[in-house]
Amino acid sequence: MKNNFQRFTFALGILFLVIPETNVLGDDHNPQSTATILVGSEAKAISADLIGIFFEDINYAADGGLYAELVQNRSFEYSRGDNRAWDSLTAWSRVGPESTSTSVTVESREPLHENNPHYLVLRAEREGDQLSLRNEGFDGIPLVGGDTYNVSLFARAMSGTPGPITVRLERVTGEKLSEITFDKLSGSWTKYAGKLLPAIDDSNARLVVSTARPGVIAIDMVSLFPQNTFKSRPNGMRRDLAEVIADLKPRFVRFPGGCVAHGDGIENMYRWKDTIGPVEQRKAQRNIWRYHQTMGLGYFEYFQFCEDIGAKPLPVVPAGVCCQNAGNYLNLVPKGQRGIPMQLMPEYVQEVLDLIEYANGPVTSTWGAKRAEAGHPEPFHLEYLGVGNEDEITPAFKERFAMIHEAVKAKHPEVTVIGTTGPATDGRDYEEGWKFADAIKLEMVDEHGYKTPDWFWDNLQRFDGYSRDRSQVYLGEYAAHDRDRGNTLRSALSEAAYLTAIERNGDHVRLSSYAPLLSKQGRTQWRPDLIYFDNVAITPSINYYVQRLFSIHGGDQHLPTTVSVEQNSNEQGAHLDSIRLGTWNSQAKFDDVRITQGTDVTFNDSFDQLSSDWNLNSGQWKVADGALLQTSDEQPAVIQYGFPADRSGYTLRLRAMKSSGAEGFLVGFAATANNEYMWWNLGGWGNTMHAIERFREGGSSIVGSTAQGRIESNRWYDIMIKVAKDRIQCYLDSRLVHDVAYEYMGATLQLAASCVRESSSGDTILKIVSNASHPVNTTIDLSSLGSLGDLATKVVLSGYADAENRHGEPAQVVPVTSTISISPTQQVEIPANSFTVLRIHAP
Ligand code: AHR
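Note that the structure is predicted; figures quoted are calculated from it, not measured.

Q: Can you explain helix α1 (residues 239-246)? Please cite residues and give values.
A: Looking at α1, one finds that the buried residues are Leu241, Ala242, Val244, Ile245 and Ala246. Contacts from the buried residues of α1 go to β5 (51-54), α3 (299-308), β24 (518-520), β25 (531-533), β26 (538-540) and α10 (542-552).

In structure tokens form, the structure reads like this:
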């Protein structure tokens, strides 16, 4: 064995670390840590549309949520396809005694409209028969005493002289709150409408439809709408919820999804034409999130809502393919991505062009006229069009996307078409999506990322490295997923830190939207979300306040912002690091493992025998023919060697050869006493790519970008990992594969900051995010900016890292606003776990 280790010492002193504009890791246990934020004067124009929202009908966001309709299953179209437990009478129940001379059925001959095939039939044969049906609303019907409610239904007398129809609002006890009667029923479908006026509040009322005289009546589209909708729009939005959304001041709204947009199978794609016109003629359909979409909130209402909240519309149409996860529920459709048959694609492409005409065309155009008919002759000013949602990048996708893209660009060069790079921040679809975007010179791609809070902090440099010659970026869906998917302050701060990086890259990252937006209590399929609600109350998460602060304190110019942390190297001392060798469901051999620290080779093993310095964690390891062999299928199989290290880092070199199996090699480094470490995963993900993974607090995240690549069997690879004070570089056969900023032996204190200018007000806005567990005395140096006002509005979000604003409980973290005086060089104490906005008012 040639195994030699040299002890070494290192000097104590003050370390001064500077990383441009991004996170700096310091000593979390050192209350004396201080920081300096230096703002330069060279302004760069950034997107004015940076912060938007993404609305998808998930978690009952639309029906039962933002869409103000209070009757559930109003048109009797619920079915088992929506949800295994449902049928056309779900949410309805009979009231009072049943007799053989009465019946309640759902039928479909001569419907109100072909898109609305089912209706209710009430049959009473004898004088004195009573028939009542009660609707429970969406978990009850909330009523405000003194408010007016518009009630309507369609009815048709099928035989006899049935009626009158009485619609009443009542309490769960049966006590009447308000009532209206419709008589003289026509023999053809006719709309009956009126008003209900409950005098008192009831958060859990019911709506009851009754008839008394013998005869048969068909009833459909039983609707109850508060008159008091957002901006008093008919068929509009729930006012309080819409107001909380409007308060975000989003620059754009992406809609209608998400997975909802590309749908659970081709038939389930969201087709905009099915969602406009009279609500009783719209084509309801099952929701991929396992409930029902009435389409009452359809394209007209989306456009109108955007206008009402001052946001640009960003509709997403399917790229001619359905969701790649189709068919996972009830086996209703074939599994996987499917494309619209090519012979039908020209018609589909025309549908996309018609959407642009519907939004922007003159009232004299076919679709512009339909917009005018709906009450909006003025255009909706569509600038952005999303095509596809995190699709699998397949030949079928590419072929269809290219057809749509070409047609839109040919007819509407003014519209920005946004493509997709798949569901994740890396991986096959991400790589292929980018290649495709390059090939067709796409203006913008939509990137998605649901990651741990650590991932966001670890990837603040991500967009710095994006080539400005490639497509611009829309970060269309992202959220920090903390333990148990909680909306913790920790998660919100990591998003805030990421948003500082997005502002810095706002010349290239043009749009961003957190996802999902809304979540109804007890009706949630996905967490975390931005806003939680029930029928009467709304809880903005801490993450909501982060979005709002970035939105209302956004700017149009970014100023270079440098963060530095001073930390005492006494507390940064040596620790025991370890390297790891490993495999994942693969067999391999390793040789000539060497660690160099400074100029000294401090460890060297060419495996004459298996030294006891190596700790076997998992797998089958042995030395044979002068190399270290791993022969099991373990996932992972790991062997480990520990050694003392200091902040200056080290270089690890080795040779490795795969003999068989599904993947390549794992080479670990940068371990800490808390059992945190990283490994370079070569030929991971089914031998498709290489990436650095960081293991921390029981989870892992990819650090930096991934690289496509595979590991071949039966050939030696030279692997080198340089762990330096402020970066990690990974080489394969002398080729640099990854180069990521990383503060070796830094603790968990991280600061991020970004400074912008708002031209309209002349204000300068500095945002600072800290995840330190103690306050950090920070010097803010604005002296290069010339004359600034001397007053600043300061807004702070802070608390303990696990804090959450839970629905039904007092909020734990809300913004606290104050006014402070400010000078060109200012001392500020940045609180522990905080997001601070300083808006320095123009003089
Ligand atoms: O935001 C929730 C879902 O996440 C979206 O529907 C989908 O696009 C993504 O997978």
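Resuming the write-up.
Q: Before we move on, can you summarise the site of the ligand with the specific residues and values?
A: In the neighbourhood of the ligand, the contacting residues comprise Phe54, Glu56, Gly258, Cys259, Trp289, Asn389, Glu390, Tyr450, Glu477, Ala515, Pro516 and Trp526. In this structure, cysteine 259 approaches the ligand through a main-chain N or O atom, which is 2.8 Å from an oxygen atom. Residue glutamate 390 places a side-chain N or O atom 2.6 Å away from an oxygen atom belonging to the ligand. For the ligand, whose free accessible area comes to 280 Å², the fraction covered by protein is 95%.

Q: A description of the packing of helix α9 (residues 489-504) against α10 should follow, citing residues and the corresponding values.
A: For the pair α9 and α10, interaxial distance at closest approach is 8 Å and the crossing angle is 20°. Between α9 and α10, the crossing angle belongs to the class labelled roughly parallel. Handedness of the α9/α10 crossing: right-handed. In this structure, α9 uses Leu489, Ser491, Ala492, Glu495, Ala496, Leu499, Thr500 and Glu503 to contact α10, whose residues at the interface are Ile542, Asn543, Val546, Gln547 and Phe550. Looking at side-chain class alone, the contact of α9 with α10 contains seven nonpolar, four polar and two charged residues.

Q: How would you explain unusual backbone geometry if you had to name every residue and give the values?
A: For the peptide bond that leads from glycine 257 to glycine 258, omega is 25°, which places it in the cis range. Of note, the bond from alanine 515 into proline 516 is cis; its omega dihedral lies within 30 degrees of zero at -15°. By secondary structure assignment, the location of proline 516 is in the loop between β23 (509-514) and β24. One non-glycine residue, aspartate 733, lies in positive phi territory at about 50°. Within the secondary structure, aspartate 733 is located in the loop between β42 (727-732) and β43 (735-741). Overall, the relative accessible area of 32% leaves aspartate 733 in the partly exposed class.

Q: Could you give an account of the pairing of strand β30 (residues 586-597), naming the residues involved and the relevant values?
A: Consecutive residues of a regular strand have side chains that alternate between opposite faces of the sheet. In terms of burial, β30 is a largely internal element, nine of the twelve residues being buried. Relative to strand β36 (residues 650-661), β30 runs antiparallel, the two sharing nine bridges. Pairing of aspartate 591 across the sheet is with arginine 655, part of β36. The pairing of β30 with strand β34 (residues 627-630) spans three bridges and is antiparallel. Along β34, the bridge assignment pairs phenylalanine 590 with leucine 628.

Q: Which residues make up the domain arrangement of the protein, and what values do they have?
A: Taken as a whole, the protein is organised into domain 1 (92-228), domain 2 (575-741) and domain 3 (748-840). One C-alpha centre belongs to domain 1, the other to domain 2, and the line joining them spans 70 Å.

Q: Please provide a residue-by-residue account of the sheet that holds strand β39 (residues 689-696), values included.
A: Taken in spatial order, the seven strands line up as β32-β35-β29-β37-β38-β39-β40 in an open sheet, and their pairing is antiparallel. Looking at the sheet topology across the chains shown, the edges are occupied by β32 (614-618) and β40 (699-708). Put simply, the sheet's adjacent strands are angled 20° from each other on average, direction ignored. When strand β38 (residues 677-683) meets β39, the two strands line up antiparallel, connected through five bridges. Directly across from tyrosine 677, in β39, lies its bridge partner phenylalanine 695.

Q: So what's going on with the nonpolar core? Residues and values would help.
A: If you look at the biggest cluster of nonpolar residues, it comprises 127 residues, and the most contacted ones within it are Phe55, Leu518 and Phe835. Setting aside chain neighbours within four positions, we find phenylalanine 835 in contact with Leu493, Ala496, Val546, Leu549, Phe550, Lys767, Ile768, Val769, Val795, Val796 and Leu797. Within the second largest apolar cluster, 43 residues are counted, among which are Leu654, Ile728, Cys730 and Val740.

Cut-offs applied
Here the residue numbering is sequential within each chain, running from 1 through the sequence in written order. This being a predicted model, a pLDDT of at least 70 is required before a residue's local features are given, and a value of 80 or more before pairs of side-chain atoms are given or counted; all residues contribute to the totals for chains, interfaces and linings. Only heavy atoms go into the side-chain values, all of them from the structure, while hydrogens and water stay out. The rule is simple: take the accessible area with a 1.4 Å probe, protein chains only, and divide by the maximum for that residue type; under 20% is buried, over 50% is exposed, in between is partly exposed. A run of H or I in DSSP counts as a helix once it spans at least four residues, and a run of E counts as a strand once it spans at least two, with each numbered from the N terminus. Here, residues are in contact when the closest pair of their heavy atoms is within 4.5 Å. Here a residue is considered near a molecule or strand provided that any single heavy atom belonging to it is located within 4 Å of it. Here a polar contact is taken to be a pair of N or O atoms separated by no more than 3.5 Å, where protein atoms must pair a possible hydrogen donor with a possible acceptor and residues adjacent in sequence count only if both atoms sit in side chains. In this description, accessible areas are obtained by the Shrake-Rupley approach with a 1.4 Å probe, and a residue is regarded as covered only by the protein chains that are shown. Whenever a helix is involved, its axis is fitted only over the stretch in contact; in every case the axis is a line through C-alpha atoms, and angles between N-to-C directions fall within 0 to 180 degrees. Each angle is binned into one of four classes, with values under 35 degrees roughly parallel, values over 145 roughly antiparallel, values of 65 to 115 roughly perpendicular, and all other values oblique. Two helices that cross are described as forming a left-handed crossing if the nearer one is turned anticlockwise from the farther one by less than a right angle, and a right-handed crossing if clockwise. Throughout this entry, Asp, Glu, Lys and Arg are counted as charged residues, while Ala, Val, Leu, Ile, Met, Phe, Trp, Tyr, Cys and Pro are counted as nonpolar. The remaining residues, Gly among them, count as polar. Pairing between strands requires that DSSP locate at least two bridges from one strand to the other. In this entry, domain limits derive from an automatic or database-based domain assignment. For our purposes a nonpolar core is just a set of buried Ala, Val, Leu, Ile, Met, Phe, Trp, Tyr and Cys residues, chained together by side-chain atoms within 4.5 Å.

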